Amino acid sequence: MGYSFAAGTTDGPGGFDFKQGTKSGSLFWNLVRDLLAIPSEELKNCQKPKPVLLATGEMKFPYAWQPIIVPTQILRIGQLAVVAVPGEFTTMSGRRTRNAVKRILDKCSSTENKVVIGGLSNTYSSYVATFEEYQVQRYEGASTIFGQHTLQAYIQEYEKLAQSLCTGDILPDGPIPESMLDKQISLQPGVIFDTAYYGKSFGDIVKDVKDYYSPGSTVSVTFISGHPRNDLMLERTFMTVERFDSTNGNWTVIATDADWETKFHWSRTNMVLGHSEATMSWDIPQDVQPGRYRIRHFGYSKSLFQKISPYKGTSKTFVVKKL
């Protein structure tokens, strides 16, 4: 990362005395940099004319600070080709990549192809500036981590993928990135334990819903809860909004915590005793079907003996109708 990386952008400038367009280092900041990692001569030559502020490519503690193996991918659906790029391509970098892929695909197609860039796909390799933008060393060029020929290297690989789409040839998978799941560290402390209020259980109601609501209003209910990090509920949900179907007597889920109109808010109410509350809210859409509804909460609690157990809670039934 170069000096202009620390300068930030016009709409989000950095601190200290860093400025965009910097092409030379300073003794003070080089000394600060060297406390973290001293860049090798090979790295400095590769990055020219960028002055290296952080030698992230050579920083390995506690694991690599930058990706070493990056994936390239093109997805094609009919005439549409999505170029999945593992970084933030500047406008001109995107145009050049798109044009290079389109040029190859159009040669082997009877119709014109539409090529779009799908940024920040599969992994993140910071910015990708053009050769010319790299020479200027503004924020984007200073954040292009593989040197001044980064864009051309990417274009070369995407041209190979486009050609294989035309010919049907199977390209080798290439090297596999190292899995570092077992090496990850977290500076956030783990969940110690959860307890419910005296005489209460997890999932019990603290503040229930009202009896009637109208479209456009907000309904909320608060439950006694455990810490959400006991189970992140991946591919599941911390809450559901359900409507009663009078034709079959069943409750039907119409919204989860993944919907725009719902919110899940958790708070630790007592750090010493491990008390928590979770408030579920639902902004009732204007076009909602009138009827009987309820809100349910799902979660996990951790006991003092570190046993994690599931719980659930349900609000009372409320009616949604035009008042």
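The structure under discussion appears in the preceding block.
Below is a summary of the structure that appears in this document.

About the thresholds
For every chain, the first residue of the written sequence is number 1, and numbering continues from 1 along that sequence. Local features are withheld for residues below a pLDDT of 70 in this predicted model, meaning they are given only at 70 or higher, and side-chain atom pairs are given and counted only at 80 or more; totals for whole chains, interfaces and linings count all residues. To get the side-chain values, take all heavy atoms of the structure and skip hydrogens and water. Secondary structure elements follow DSSP: runs of H or I of four or more residues count as helices, runs of E of two or more count as strands, with numbering from the N terminus. Our radius of gyration looks at C-alpha atoms and nothing else; its globule reference is 2.2 Å times the residue count to the power 0.38. A simple rule labels every residue: compare its accessible area, found with a 1.4 Å probe on the protein chains alone, to the largest value its type can have, and call it buried under 20%, exposed over 50%, or partly exposed in between. For the accessible areas, the method is Shrake-Rupley and the probe is 1.4 Å, while residue cover comes only from the protein chains on display. For the purpose of counting charges, residues Lys and Arg are taken to be positive, whereas Asp and Glu are taken to be negative. His and the chain ends are not included. All charge positions are set by atom: Lys at NZ, Arg at CZ, Asp at CG, Glu at CD. We place a 1 Å grid over just the protein atoms. Points where a 1.4 Å probe fits but has no way out form a cavity, open points with protein on both sides within 12 Å along at least 5 of 7 lines form a pocket, and any residue with an atom within 4 Å of a point lines it. Grid points are joined across faces, edges and corners, and a volume is the space filled by probe spheres set on the points. Polarity classes work like this: nonpolar for Ala, Val, Leu, Ile, Met, Phe, Trp, Tyr, Cys and Pro, charged for Asp, Glu, Lys and Arg, and polar for all others, with Gly in that last group. Contacts are assigned to residue pairs that have any heavy atoms within 4.5 Å of one another. Criterion for a disulfide: a pair of cysteine sulfur atoms at a distance within 2.5 Å. Polar contact is the term for a pair of N or O atoms within 3.5 Å; when the atoms are in protein, one must be able to donate a hydrogen and the other to accept it, and sequence-neighboring residues count only if both atoms are side-chain atoms. We treat two strands as partners when DSSP finds at least two bridges between them. Here an angle of 0 to 180 degrees is reported between the N-to-C directions of two axes, which are lines fitted to C-alpha atoms, with helices fitted over the stretch in contact.

**Remarks on the overall build of the chain**
A count of helices and strands for the chain gives 7 helices and 17 strands. Expected size for 323 residues packed as a compact globule is a radius of gyration near 20 Å; at 27 Å, the chain overshoots this value by more than 25%. If one aligns the C-alpha atoms of the chain with their principal axes, the spans along those axes are about 70 × 60 × 40 Å. Split into buried and exposed, the 323 residues of the chain put 37% on the buried side. Accessible surface, the chain as shown: approximately 19,000 Å² in total, 56% of it carbon and sulfur. Looking at charge distribution, the chain has the averaged site of its 35 positive side-chain charges lying 3 Å from that of its 32 negative ones.

**Quick notes on empty space enclosed by the protein**
Across all of its chains, the model carries 1 cavity of 30 Å³ or more by this definition. Each pocket or cavity is described by its volume, and for the largest cavity that value is around 50 Å³. Lining the largest cavity we find Gly226, His227, Pro228, Asn230, Asp231, Phe238, Phe264, His297, Phe298, Gly299, Tyr300 and Tyr311. In terms of residue class, the lining of the largest cavity is made up of 6 nonpolar, 5 polar and 1 charged.

**Quick look at the side chain of serine 301**
With respect to the helices and strands, the residue serine 301 is situated in strand β15 (residues 291-302). The class for serine 301 is buried, based on a relative accessible area of 9%. Those residues in contact with serine 301, other than ones at most four positions away along the chain, are Asp194, Phe202, Gly226, Asn230, Lys307, Ile308, Ser309 and Tyr311.

**Describing the state of the cysteines**
This structure, assessed with the given rule, holds 1 disulfide. The residue that forms a disulfide with cysteine 108 is cysteine 166, at a sulfur-sulfur distance of 1.9 Å. Between cysteine 108 and cysteine 166 the sulfur-sulfur dihedral comes to about -55 degrees; the bridge is accordingly left-handed. Taken together, the residues cysteine 108 in the loop between α4 (91-107) and β6 (114-118) and cysteine 166 in helix α7 (residues 150-167) connect sequence positions 58 residues apart. On the accessibility criterion, cysteine 108 (38% relative accessible area) is partly exposed.

**Notes on the environment of aspartate 257**
If you trace the backbone, aspartate 257 turns up in the loop between β12 (250-256) and β13 (262-270). Of the residues examined, aspartate 257 reaches a relative accessible area of 27% and is grouped as partly exposed. Spatially, the C-alpha atoms of aspartate 257 and alanine 55 are 41 Å apart, while their sequence positions differ by 202 residues. Among residues more than four places away in sequence, those in contact with aspartate 257 are Arg236, Thr237, Phe238, Met239 and Thr262. At 2.8 Å, the side chain of aspartate 257 forms a polar contact with the backbone nitrogen of phenylalanine 238.

**Some words on the sheet that holds β6**
Note on sheets: strands pair through backbone hydrogen bonds, and any given pair is parallel or antiparallel. The 3 strands lie next to each other as β3-β4-β6, forming an open sheet whose pairing is mixed. Taken across any chain shown, the strands that pair with only one partner, and hence form the sheet edges, are β3 (73-77) and β6. Going across the sheet, the axis of each strand differs from the next one's by a mean of 20 degrees, ignoring polarity. Pairing of β3 with strand β4 (residues 80-84), which is carried by 5 bridges, proceeds in the antiparallel orientation. From the neighbouring strand, arginine 76 faces β4, where its bridge partner is alanine 81. Most of the contacts of α4 go to β6, to which it runs at about 140 degrees, and overall it touches β3, β4 and β6. Most of the contacts of α7 go to β3, to which it runs at about 35 degrees, and overall it touches β3 and β4.

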